[in-house]
Amino acid sequence: MELRRLVSFLLAMLLLIGIAGCSDTGIGAGVGAGGGALVGSSVGHPWLGALVGGAGGAVVGHEIGKHNNNGDD
């Protein structure tokens, strides 16, 4: 079980490194997806939780990044 979490963490880190040069929207989506996938896989069913958490985190992260790019208050 610990090996799966390590692999999930390493994949999330690779994703974050890959989107480091993106805009705030891309970075927010990547961070949200990675964080949501990690939380979802550790809280619920490993694969289903990671998919649902990753998708939800990506949407929330994208919207936060879009808000930051627009400069809305």
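The rules behind each value
- Residues numbered from 1 in each chain as written.
- Predicted model: local features only at pLDDT ≥ 70, side-chain atom pairs only at ≥ 80, totals over all residues.
- Heavy atoms only, no water.
- Helix = DSSP H or I, 4+ residues; strand = E, 2+ residues; numbered from the N terminus.
- Buried < 20%, exposed > 50% of the residue type's maximum accessible area, 1.4 Å probe, protein only.
- Areas by Shrake-Rupley, 256 points an atom, 1.4 Å probe, with all protein chains shown as cover.
- Patch = residues over 30% accessible without salt bridge, like charges linked within 9 Å, V, L, I, M, F, W, Y side chains within 5 Å.
- Salt bridge = Lys/Arg side-chain N within 4 Å of Asp/Glu carboxyl O.
- Expected span 1.5 Å × (residues − 1).
- pLDDT = per-residue confidence, 0-100.

**Regarding the overall build of the protein chain**
The number of helices and strands found in the protein chain is three helices and zero strands. From first element to last, N terminus to C terminus, the protein chain shows the α and β order α-α-α. Across the 73 residues that make up the protein chain, the buried fraction comes to 26%. Total accessible area on the protein chain stands at roughly 4,900 Å², and carbon and sulfur atoms take up 71% of it.

**Here's the deal with the environment of asparagine 68**
Tracing the backbone shows asparagine 68 in helix 3 (residues 46-70). With relative accessibility at 48%, the residue asparagine 68 sits in the partly exposed group. On a C-alpha basis, the gap between asparagine 68 and glycine 28 in space is 9.7 Å, while along the polypeptide they are 40 residues apart.

**A word on the environment of glycine 26**
Inspection of the secondary structure puts glycine 26 in helix 2 (residues 24-43). Note: C-alpha distance between glycine 26 and glycine 61 (35 residues apart in sequence) is 8.3 Å.

**Quick notes on a nonpolar patch on the surface**
On the surface, a nonpolar cluster with roughly 900 Å² of combined accessible area is contributed by Leu3, Leu6, Val7, Phe9, Leu10, Leu11, Met13, Leu14 and Ile17. Positionally, methionine 13 belongs in helix 1 (residues 2-18).

**Concerning helix 3**
Between its first and last C-alpha atoms helix 3 spans 36 Å; for 25 residues at 1.5 Å apiece the expected length is 36 Å, and the two agree. Listing the buried residues of helix 3 in full gives Gly49, Ala50, Gly53, Gly54, Gly57, Gly61 and Gly65.

**So, the confidence of the model for the protein chain**
Taken as a whole, the protein chain shows an average pLDDT of 76; of its residues, 81% reach a score of 70 or greater. Per-element confidence in the protein chain ranges from a low mean pLDDT of 76 for helix 2 to a high of 79 for helix 3.

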